[in-house]
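# Fold and geometry: a report
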Amino acid sequence: MGNENFYEILGLNSSGAATQDEIKRAYVKKRKEYQGNEEKTSLLNEAYSVLADEEKRRNYDYDIEKSIVMEELDNVKNFEERKEALCKLKKVCEKHLGHDDERDLSEYQTLIEIERSIGNDDVVPYLDKMWQILDGKMEVPEHYEWYEYVGNNYYLYDDVDGAIKAYFQIYKVAVPKYEITEKLISLLCNEKKKPKTAIKILKDCIDRSDIQNHKCFYLCKAYEVVVNLQDKTFDKVKQVLKSKISVVVSADQPDELTLRALCDLFIWMAYALENKSIAAYHDLEQIYLSKGTDNPDLKNLYSMIKQFEVVIANNKRHECIELMQEDSLTDKMRQKIEDYLINDADSVMDSLNYIKENAPLLVEQEKEAYDFIDSVVTQQYKALKEYSQFIKDSHFGGAIKTILRRYLFKDVIRYATIEDDFNKAINQFYDDNNLNQTREEIRMLDRLYPNCYKLLAEYLFDGQSVVELLGDDELGQTDSSRSVANNKAIVDYPHARKGYENRPFYSGFLEMIIILVATVIFPPTLPIVLVIKTFNRYTKIIIKVAIGIIVAVALLLIISSISSLF
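Not measured: the values here are computed from a predicted model. (Residues numbered from 1 in each chain as written. Predicted model: local features only at pLDDT ≥ 70, side-chain atom pairs only at ≥ 80, totals over all residues. Heavy atoms only, no water.)

## Here's the deal with empty space enclosed by the protein
Let me state the cut-off plainly: Think of a 1 Å grid over just the protein atoms. A cavity is a set of points where a 1.4 Å probe fits yet cannot get out, a pocket is an open set with protein on both sides within 12 Å along at least five of seven lines, and lining residues have an atom within 4 Å of a point. Grid points are joined across faces, edges and corners, and a volume is the space filled by probe spheres set on the points. Under the scheme used here, helices are H or I runs from DSSP no shorter than 4 residues and strands are E runs no shorter than 2 residues, and both carry numbers assigned from the N terminus. Only Asp, Glu, Lys and Arg are considered charged in this grouping, and only Ala, Val, Leu, Ile, Met, Phe, Trp, Tyr, Cys and Pro are considered nonpolar; every other residue, Gly among them, is considered polar.
Scanning all chains against the criterion turns up two cavities of 30 Å³ or more. Here the largest cavity is characterised by a volume of approximately 70 Å³. What lines the largest cavity is Gly397, Gly398, Ala399, Gln428, Phe429, Asn434, Gln437, Thr438 and Glu441. Among the secondary structure elements, those contributing two or more residues to the lining of the largest cavity are α23 (398–408), α24 (415–430) and α25 (435–448). A per-element tally of the lining of the largest cavity places α25 first, with three residues. Residues of the lining of the largest cavity, tallied by class, amount to two nonpolar, six polar and one charged. The volume enclosed by the second largest cavity comes to roughly 30 Å³. Lining the second largest cavity we find Val376, Gln380, Tyr407, Leu408, Phe409, Lys410 and Asp411.

This is how it looks when you write it as structure tokens:
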């Protein structure tokens, strides 16, 4: 078809508003016009065959409308334009729904990706719609990828029942992929507390697997589940499974099959470590060691597993690092990462350094993931440490905190989720009416939190220092700036008693009510409270005055005594 517009071929307006009668008349007219021109007549017939059929025309109109929006999306210049184009695409996709077949599955998939792109993680309703189309209407073998897609996304968004029902449908008709089996068994054991159901599924997978290395995979997982049961009635089952694993990885088999089976053994050893199933790991390790293979690749894999064991055994794989290694992150997961980096940066840094030092093969194997983690944690560690205090500092407004959060966690949070707040913060930060406050906050940020200032300056001020940016010198600083420069806290009531420097005279309406009620019951309450509060507010002045009075009285007494002697 090329890029030809079927409406234009028929001489109609490309908007697609033509009626069926208008399409037919246009076709007859053009057919006479193109008589003898085989190429144009063929294209005309193709256009008419599509536009004359309501269903084909509806799909064609949709493709045209979608292509226009997609072209607009390809040419956006900023995030705002991109968001607007995505919202248009969302409306186009929603308008095309209603077929209850694979076309709707594709549209729902597109809608899920759109929602994620505009900062909305509420996609489970779309997954439910996809499941309604799949369940009982589409055979799993022909639509395996769709069942897998729905199951994996249910799993990602913590919908346990949704993930289990999708994975279970796959299991019923085919031996699932390793990753699906691991997730299904994990959900059954950890979330549903049904390890015996998990064992039955794994036994069935073992029986249905024709390939030896696949059997090894399912045998190892079954062994891990049985070991974790810690039920002596399963001791015999454990021994049988261990014996079968040993047979599968036997060196008597052809080298290639043995290699694959041993590789699968390593995979499950790693899974066992990740799941903290240390006993199962050591048993599987003994099976590998009993084979005594000299294969250099296997030896290298084993060395990597041993390094991973050291990390796990010493509890040095921080959850923050685990999350940052995930392929897909929900906003809930991103928030957990941000919270860890703010509140537990030392532990995250310690964990990362330990892994880099004690598991270099693991770091090299997952280089891309660890490079990302390094860029977020190591390179910004000092700023992260300062930020944990900065966000609690009441001398800074919300605008500068929002802006700094955007840049400090740019690789963690999705911009779409904070776009509106960020734009408001930027406008407030640069508002002429807030200029003095902004300048003061910049000065304080530089003096109190220099690494946070450096990060902010990198994005907003081309890396300029405060002196370069504001032309500051010692004479140009405000009292509060000099106070900060001398590491003195800025206080609201400098003459108050220690601990009361920033406290209001009354802490709130409730306190006033309590004082009034107490005064009704015991009238002297109000003057007593006023005296105490006044003393707390002006303690230093009162003490100075009291000392002055005492000194003056003492001097008068001394003078009086001396005078009486004469």
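## Section: the environment of Tyr48
Heads up, the rule is: Here the term buried applies to any residue with accessible area under 20% of the maximum for its type, exposed to any over 50%, and partly exposed to those in between, with areas from a 1.4 Å probe on protein chains only. Two residues form a contact once any of their heavy atoms are found within 4.5 Å.
Here Tyr48 is to be found in helix α3 (residues 38–51). Given a relative accessible area of 21%, Tyr48 falls into the partly exposed group. In this structure the C-alpha to C-alpha distance between Tyr48 and Tyr27, which are 21 residues apart in sequence, comes to 6.7 Å. Beyond its immediate sequence surroundings of up to four residues, Tyr48 is in contact with Ile23, Lys24 and Tyr27.

## Overview of the packing of helix α19 (residues 345–358) against helix α21 (residues 367–377)
Applicable threshold: Whenever a helix is involved, its axis is fitted only over the stretch in contact; in every case the axis is a line through C-alpha atoms, and angles between N-to-C directions fall within 0 to 180 degrees. Left-handed describes a crossing whose near helix is turned anticlockwise from the far helix through less than a right angle; right-handed describes the clockwise counterpart.
One way to put it is that α19 packs onto α21 with a least axis distance of 11 Å and a crossing angle of 145°. Handedness of the α19/α21 crossing: left-handed. Where α19 approaches α21, its residues Val348, Met349, Leu352, Ile355 and Lys356 are matched on the opposing element by Tyr370, Ile373, Asp374 and Val377. Split into classes, the residues belonging to the contact of α19 with α21 amount to seven nonpolar, no polar and two charged.

## With respect to the packing of helix α4 (residues 54–74) against helix α6 (residues 102–117)
Spelled out, the test is: Each angle is binned into one of four classes, with values under 35 degrees roughly parallel, values over 145 roughly antiparallel, values of 65 to 115 roughly perpendicular, and all other values oblique.
Two elements in contact, α4 and α6, have axes whose closest approach is 14 Å; the angle formed by their N-to-C orientations is 20°. Here α4 is positioned roughly parallel relative to α6, judged by the angle of their axes. Along this stretch, α4 crosses α6, giving a crossing that reads as left-handed. On α6, the residues that touch Glu55, Asn59, Tyr62 and Lys66 of α4 are Arg103, Glu107 and Thr110. Within the contact of α4 with α6, the residues separate by chemical class into one nonpolar, two polar and four charged.

## Quick word on the environment of Ile164
As for its placement among the helices and strands, Ile164 is situated in helix α9 (residues 160–173). Separated by ten residues in the primary sequence, Ile164 and Tyr154 place their C-alpha atoms 8.7 Å from one another. Ignoring any residue separated from it by four or fewer positions in sequence, one finds Ile164 in contact with Leu184, Leu187, Leu188 and Lys192.

## Brief notes about the side chain of Arg116
Relative to the elements of secondary structure, Arg116 occurs in helix α6. For Arg116, a relative accessible area of 17% corresponds to the buried category. In this structure, Arg116 is in contact with Asp121, Asn153, Leu156, Tyr157 and Arg414, ignoring residues within four places of it in sequence.

## Considerations on the packing of aromatic side chains
The criterion, for reference: Stacked, tilted and edge-to-face are the three classes applied to pairs of Phe, Tyr and Trp rings, where Trp contributes its six-membered ring and a pair requires centres within 6.5 Å; stacked means planes under 30 degrees apart, edge-to-face means over 60, and tilted covers the rest.
Within this structure, the stated rule accounts for 25 aromatic pairs. Taken together, the ring pairs in this structure connect Tyr178, Phe217, Tyr218, Trp268 and Tyr271 into an aromatic cluster.

## Regarding a negative patch on the surface
Operational definition: Patch membership is restricted to residues that have no salt bridge and whose relative accessible area is over 30%. Joining uses 9 Å for like charges and 5 Å for the nonpolar side chains Val, Leu, Ile, Met, Phe, Trp and Tyr. What sets the accessible areas is the Shrake-Rupley method with a 1.4 Å probe; for residues, cover comes only from the shown protein chains. Salt bridge, as used here: a side-chain nitrogen of Lys or Arg that lies within 4 Å of a carboxyl oxygen of Asp or Glu. Here Asp and Glu are counted as negative and Lys and Arg as positive; His is not counted, and neither are the chain ends. In plain terms, the charge of a residue is placed at NZ if it is Lys, CZ if Arg, CG if Asp and CD if Glu.
Where like charges cluster on the molecular surface, the negative patch consists of Glu80, Glu81, Glu84, Asp420 and Asp421. Listed by contribution, the elements that provide at least two residues to the negative patch are α5 (79–96) and α24. Taking the relative accessible area as the measure of exposure, Glu80 reaches 45% and is therefore partly exposed.

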